[in-house]
Structures are given as C-alpha cells and as structure tokens.
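Per-entry structural report
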Amino acid sequence: MLRPSHAPQSHDRTARSATAYAVVDEPPESVASEAVRIRDQAFGDRITYSPKVFIPLTMLCRDRCGYCTFAKPPARLDAAFLTLDEVLTIARHGVATGCHEALFTLGEVPEDRYPAAGDWLAAQGFDSTVDYLAHVAGVVLEETGLLPHANAGALSPADLATLRAVSPSQGMMIETLADRLGEPGGPHHGAPDKTAQRRLATLEAAGKLRIPFTTGILVGIGETREERVDALLAIDAAHARHGNVQEVIVQNFLPKPGTSMHREAPCDPEEFRWTVAAARLLLDASIHLQAPPNLSDDPAELIRSGIDDWGGVSPVTPDHVNPERPWPALERLHAVTESAGKVLAPRLTIYPEYVADPTRWLDEATRFGVLVRSDAEGLARDDTWSSGGTVAPPDLLAGTPRAGGPVGEVLDDVAAGRELDLEQITVLFGARGPEVVAVAERADELRQQVVGDVVTFVRNRNINYTNVCTFKCRFCAFSKGPLSLNLRGKPYLLDREEIQRRVLEAVDCGATEVCLQGGIHPDFDGDYYRNVVRDVKTVAPDIHIHGFTALEVTEGAKRLEMPLGDYLVSMREAGLATLPGTAAEVLDDEVRAVLCPDKISTDEWLDAHRTAHGVGLRSNVTLMFGHLERPVHLARHLTRTRALQKETGGFTEFVPLPFVHMASPIFLQHRARPGPTFRETLLVHAVARIAYHGWIDNIQVSWVKTGASGAAQLLRAGANDLGGTLMDENISRAAGADHGQELGEVEFRSIVEPLGRTLEQRTTLYGRTSTSGHRLREPDSDEQFAPSVPVEIRPTPVEALR
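Residues numbered from 1 in each chain as written. Predicted model: local features only at pLDDT ≥ 70, side-chain atom pairs only at ≥ 80, totals over all residues. Heavy atoms only, no water.

**A short note on the pattern of salt bridges**
Using the criterion set out here, one finds 53 salt bridges in the structure. Among the salt bridges present, the one from Asp375 reaches Arg679, with a minimum N-O distance of 3.2 Å. Remark: Arg679 occurs in helix α26 (residues 678–691) and Asp375 occurs in the loop between α14 (364–373) and α15 (405–415); sequence separation between them is 304 residues. As far as the burial class goes, Asp375 and Arg679 line up, both buried. Salt-bridge contacts for Glu419 lead to Lys646; the nearest nitrogen and oxygen are separated by 2.6 Å. One end of the pair, Glu419, is in the loop between α15 and α16 (422–428); the other, Lys646, is in helix α24 (residues 631–648), and 227 residues separate them in sequence. When its relative accessible area of 41% is taken as the criterion, Glu419 is described as partly exposed. A relative accessible area of 39% places Lys646 in the partly exposed class. If you follow the salt bridges from partner to partner, you end up with Arg46, Asp375, Glu377, Asp382, Arg432 and Arg679 in one network. (Salt bridge = Lys/Arg side-chain N within 4 Å of Asp/Glu carboxyl O. Helix = DSSP H or I, 4+ residues; strand = E, 2+ residues; numbered from the N terminus. Buried < 20%, exposed > 50% of the residue type's maximum accessible area, 1.4 Å probe, protein only.)

**Description of the side chain of Arg762**
By the secondary structure assignment, Arg762 is in the loop between β18 (758–761) and α30 (798–801). Within polar-contact distance, the side chain of Arg762 engages the side chain of Asp721 at 2.8 Å. (Polar contact = N/O pair within 3.5 Å; in protein donor to acceptor, adjacent residues only side chain to side chain.)

**Here we look at the sheet that holds β18**
Either a parallel or an antiparallel arrangement is found when strands of a sheet pair, and the pairing is made through backbone hydrogen bonds. Taken in spatial order, the 3 strands line up as β17-β10-β18 in an open sheet, and their pairing is parallel. In this open sheet, the two edge strands, each paired with only one partner strand, are β17 (721–724) and β18. With strand direction ignored, the average angle separating the axes of adjacent strands in the sheet is 20°. In this structure, strand β10 (residues 454–458) lies alongside β17, joined through 2 bridges in parallel fashion. Looking at β17, one finds that Val458 is bridged to Gly724. (Pairing = 2+ DSSP bridges. Axes fitted to C-alpha atoms, helices over the stretch in contact; angles between N-to-C directions.)

**A short note on unusual backbone geometry**
Unlike most non-glycine residues, Ala583 shows phi in positive territory, near 85°. Mapped onto the fold, Ala583 is located in the loop between β14 (576–579) and α22 (589–595).

**Here we look at the pairing of β10**
Counting buried positions along β10 gives 5 out of 5 residues, so the element sits mostly inside the fold. Taking every second residue as pointing to the same face, both faces of β10 are buried, with Val454, Thr456 and Val458 on one and Val455 and Phe457 on the other.

**Things to note about the packing of helix α21 (residues 564–574) against helix α23 (residues 602–614)**
To describe two helices that pack against each other, one gives the angle between their axes and the distance between the axes. Their axes nearest at 9 Å, the elements α21 and α23 cross at an angle of 50°. By the angle between their directions, the pair α21 and α23 is classed as oblique. By crossing handedness, the relation of α21 to α23 is classed as right-handed. Judged by residue contacts, Leu564, Gly565 and Leu568 of α21 engage Ala608, Thr611 and Ala612 from α23. The residue makeup of the contact of α21 with α23, split by class, is 4 nonpolar, 2 polar and no charged. (Parallel < 35°, antiparallel > 145°, perpendicular 65-115°, else oblique. Left-handed = near helix turned anticlockwise from the far one by under 90°. Contact = heavy atoms within 4.5 Å. Nonpolar A, V, L, I, M, F, W, Y, C, P; charged D, E, K, R; others polar.)

**Overview of helix α20 (residues 550–560)**
Most of α20 sits out of view: 9 of its 11 residues are buried. Looking one or two places after α20, you find Glu561, whose phi comes out positive at around 55°.

**Comments concerning empty space enclosed by the protein**
By the definition in use, this model includes 5 cavities of 30 Å³ or more. Reported here for the second largest cavity is a volume of approximately 80 Å³. Every residue lining the second largest cavity is listed: Ala376, Glu377, Phe429, Phe625, Glu629, Pro631, Leu634, Arg679, Glu680 and Val684. The leading source of residues in the lining of the second largest cavity is α26, at 3 residues. (1 Å grid on protein atoms, 1.4 Å probe; cavity = no way out; pocket = protein on both sides within 12 Å on 5 of 7 lines; lining within 4 Å. Points joined across faces, edges and corners; volume = space filled by probe spheres on them.)

**A short note on α23**
With 13 residues, α23 extends 18 Å from end C-alpha to end C-alpha; this agrees with the ideal 18 Å at 1.5 Å per step. Among all positions in α23, only Thr602, Trp605, Leu606, Ala608, His609, Thr611, Ala612, His613 and Gly614 are buried. Taken from the residues just after α23, Gly616 is the one with a positive phi, measuring 95°. (Expected span 1.5 Å × (residues − 1).)

**Describing the layout of surface pockets**
Its boundaries defined by the atoms lining it, the second largest pocket holds a volume of some 730 Å³. If you go around the second largest pocket, you meet 31 residues; those closest to its centre are Ala42, Phe43, Gly44, Arg46 and Glu377. Broken down by secondary-structure element, the contributors of at least two residues to the lining of the second largest pocket are α2 (28–43), β1 (46–58), α12 (352–355), α15, α16 and α24. Take the lining of the second largest pocket: its biggest share by element is 4 residues, from α2.

**A look at the side chain of Thr58**
Note on placement: Thr58 falls in strand β1. For Thr58, a relative accessible area of 1% translates into the label buried. Thr58 has contacts with Phe70, Ala80, Phe81, Thr105, Leu106, Gly107, Pro110 and Thr129, leaving out every residue within four places of it along the chain.

This is the structure we're talking about:
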C-alpha cells in the first residue's frame, strides 16, 4: 500500500478553498465544536435515517479495489445477477418490516470483465447491467412501492438519465481524488472507474440532470488530510453549481480478511472524527452529513462530530459491503440518538428539500411513489395508519416526554404564558419521538386548565341534502356532477318531505342539532337554503340548525344578488343558528390553488365568518389536512383564524379533519398524500390547543376519521370534545372511511371513562352544567351571542325574502 504523501494532488484553490485548507491543522476538538454548531443551526435536534433493504443486484465488478469484499469472481457466486423474483422477495420482505428504500448496490460494468455477466444479461434480453438495473428498479417501484436508490458507480450521462426514470435518487462515492492511489501497490490499482476524472464527470453529469445525489469519501486508505479536503471541496463546488448533492457520506476504512489490504491498520478513530467534523465545516450547510453507525464502536461520537444522518439502516438485510459489521438495531439507534439529546426520524431516499420541489428534482414516473411515502415535511411516513381506515394507530404517548432544541424553546415560551407566532407553531408541527409526548403533555395541561376533565358530545344528525355540485374540489369524493355515476353512488337531491322526515327521526332519537350541508346544486338559488331552514323549523321548532358552509352562504347571496350580511340576517330570521367551518380546508391560497381552485379564497372564507359573527351567528373552525400542505400552511391556518377570533369572538370550537384518501379524486389522480400520519394528526390537535389558548376553548376530535382508539389518544393531547353522534354521516364514508355511521353515548363512554374523564352531553353552543359543578364559559342555551364587532346591516329587500 502507498503511504501518505506530503505532496497532495494539486487542484485550483480559490480564496475560499485556501482558507478551507487551514482546517487541516485544527485540533479535532475545535473542529468538532464548530461542526456541531453548524449542524444544530441547520437541522436542529433531528437525526435522520433511511429504513431500507439492501439488494446486491450483482457482486461482479470490473474494478479491483484493495479493500473490497463485496466484489467476487463468478466462481464464488451461484449466479451472475439476482433474478427479478429474488429481488422482489427481498423488496417485499422490506415492505413488511416498514422499509421505504430499496438500495441497489452492484459492481461497476461487470460485463466488460466477465463473459459470464454479458452472457447472463444477453440471455435475459438486456444490453447492459444498467439496463437490467433500470428494469428491476422499475418493477420494484411499481409492485412494492419501495423507492429505489441506484448506487451503480461511475456512469455516463445516458445511463444516469435512464435510471432517473425509476430511481428518485442515485449515488456514487467519490472516495478520493488522489489518483496516485491507483498506482501499483495502491488500493485503486486495477480499478479503472476510480479515477478522479471519471468520478467527477459522473458527479457533474448527475448535477446537470437534476438527480438528487449521494456521494462521499473513504477515510484511511492512504490519502492525506489535504487530499480529503480536495475531495470535499470538489463535491461542494459541484453542489454550488447544481444544488443536487443531498448528502455526503464520510466512511472509515476497516481492513477485511481476503483483501490485499487485510494487514493494513484501520482508520484511526480520532482521525475519522476529525474528518467528519471537517466535512461539516467545508460543505455547504444544506448538504446532509452521514457516517455509517455500524462501522463505529461508539456511534454517539459521530453525533458529537456533526453528522445529522445515520444513512440506510436495514431490519432485513445485512450490510453486504461490510458484512462483518451488522446494522445496529433500531432500538439502539433510538437510544444512542436520544441519549445525545437528539430525536430520530425516518426519511426517504430523497431528502425533504428535494421532495418539496418534485417538478425540478424528480422524473414524473417517480413523483407519486415519493409522495405516497412522504409526510408533510417530506420525511418518511412513520406509521401505516390511515384516516378513516381500520389499522389501529400507534401509541405515541407511552414514552417519556423530552424536548430540547427548537421544540423545547417553544414549549418554554408556552410554559411562560407567551402566545406563539407563526414560526414557533411551525416548529411544533415538526416534533418527533419524545418531543411529541412533551407537546401533547403541555397541550393536555392547558386543556385541563380551561375546560377541566369533562369530555362533551352533541346528539345530532347530518343531512346532506344533495351530492350534486358545480364546484370541482379535487379532494371531494362525495359530490357528483349532474351526469356522474362514478365513485360512490348516483347523484341525488332530497325533497323537502324527506328532509323533514329525517329531522323528525333525529328528534325522536334525542338529537338537539341537525347539520345541513350539501353540494352547490346548479338549480339552487339563495332561497333554497332559506326554504330548507324553514322546512326544518316547521316540523321541529326547537331543533338547533347548524348549517351551510361559507361557500354555500356566499353562493346563495351571490345568486340572489344580495349583500352577504343581509342574506345571513334573513337566514338567521328563518331559523339558522350557527354555521359549520367546513369549506375552510386549509386557509392558504397556495394550497387552495391546487386543492380547490374554484372555491372561495382564504380571505373570502374569513370574511364570510366575520360577517356571520357580526350578525349574531356563531361558527367553528375546521381544518382538512394530510394532502398537499406543509407545516407552515397549517400554522398560517391557525394564526389567521386566531386573529379573526380576537376580532369577533365568534368561533365555538376547532375541528381538525384528517384527510380520508381512499376514494378521493386527487389521491386517485396521484396528486396528494394518503392522508396524515397519526403523529401528524395528534400534533394538529395538540398544537391547536396551544396556539388557540385563551381564544378558542374547545378542540374537537373527528371520531369518524380517527376511530375510537385514535380518539382516545387525542383526548390525552389537548382535545375535549367528541363532536356529534352523526346519524347518516356520508361525506367521510364517500371518501373511503370505515367509520361514520353513528356512535351513541355508550360507545362514547367506552372511549372517555378509561381515561378517568367524565362524558357529558352538550348543546351546539356548549351549553350545560356538568355534574361536577364546573360550568363552561359558553352559554347554556342556543341563543345568539352579542357580536363583538358592530357590522352595518342594510335592510333586506322585501322581494328578496319572497
């Protein structure tokens, strides 16, 4: 083996790089300290990893590297390549154990060295190893949903482009740019693909093709510190040109039996940690830094050196490149990470920064595969629960609460009684692991302070009077166009007798509220809604009518050419008592432009509720989440509605609605995520309790979407209300929910009483006196509230009321 030279390979050095080489003489402690500061500033307390299966497509390779045990000659292999069936068996095992990544590792261009490789490929109908890789990766993506990561070495632009269509990310280790290590006696002698020119050409081509790329260096094979800096600066320069280097791996050399370097000393641990820390200093802060946990005796030292990622960790397959060093169990990885004051989060093969811009970074064929496995932050979904589904949610509240870093700082402000701003609310939506427990605990403390231990519900019936709608909300599986016979059922319009029959049936069952909502029928004018209200009051004068979204009342006023305030007064006089907050979806026009482009805007929704409050009609806030939005959109929704509540005081409650995806058109069109994870669902309830504290007292659980076991957890995370008994709930079930057709008091008690809480029936406006004597602040009758802001109401034209 060549010993380190004191004359490192020369590269052009800009003023920046000249300064960068000064790190060579810095002691490990000072480099690590600065690396940790940079890491924490860029990524907070989060350490990521990729749950993966390792698929060694072929162990044949034309390169002869002195440290490699992965590459083997044909005589030592049963077959030149894994068959497609063998690949799918590994992939399906990975799916069953919660993996998201299929890491394809293989030797470089084996057909150029071994006739057996070329013969096998030809017999299967493939021209090259890359052609076969593209085929099997595409099948894995299509049939299993695992996201391929192609680690095929130095490739031509054409080969990289071929793989881009089936592999969201690709990778190739630079290892070193010291070409002297390819001279006789060096570790790269006999490895034609390990030259600086070939590695850099691949890195450059990947950048031009907008491929999210993984690269890195190998430490301890005879290179100097200066040569490591050479390689890191070259990687950083490529990223500066193209922005595609998503992560850099710093890997330490360990000698292996059966290799020409088996007698060499392993990479010195202190030198390795210095290199990890130096990489963090030299690389752009946006590039993630990884070191394999299975190659270090003390993985916590890597965290103290500045890494923010553990790389791929497999619960299924061994590390075929380092088979003597098994992956750490996930439980140990959690323990190591949390003992360092960090939280562990799963990611995809492609990092969140790239997930957020799929048009730029992903081939169209891979976009939905990434979307369906990502959460709102662009990280990997961390459970298999679905809103409206039958899979039980994970128990997120069983651990010990702990929150440092940004989440801890925000919770400190909450404890001090300070109201959270947009940025702080956004931070809380990113809580993971023990941070989630801490957020939920704080939210539940606030719940207890404000409303005590009572859990409320209302006896009600939903009456969806039509599913015909002229609006084209892309998420809605309930509404039908006039000629639509697809999805769940035919178009319908209930007549007045049927509506009245359902109202009387609800009254006979003890309901105190009917909720009226439906599509915007092309034949409706504003009089239709008023007539429905009058029809209900004719047969049930004491029933509380909670009805008509901001879209419905806005459209009704528009079709009558009436000011909205005047129209709402006429609706109130007809018998309407409160408005639901539905049609809010996410109150951010960036989301609405895709989700419901022809629906009312954010400002129009807010103005409709402002106007309703002004004429004495209270309402609630809803939020449908888990489709397109990011955490900042959720935070905007909360701050915008909180600001209106400060202005009017007219909102009675907040109702989070986890997106039910199964039959939703936007999901079936591959344009939305499959609803939120349960962690995200729990956080929406908990963060809302915190953000609305002092302004909106009641946080409701949609048991239709969460199921009973999910509702029980949410009641421990700040929620205090189970909503309605919901006779004839149709909208969630149309989207694919398995829950929704009425729960009664007995079922509600089975959710509430094991928590040590008391169940009480309420009115729509939260009126009742509990058996404990604790009186809620809402009125105990359904009379209108006094508007906090005077609204000028012009007299309603007589002809408009006819």
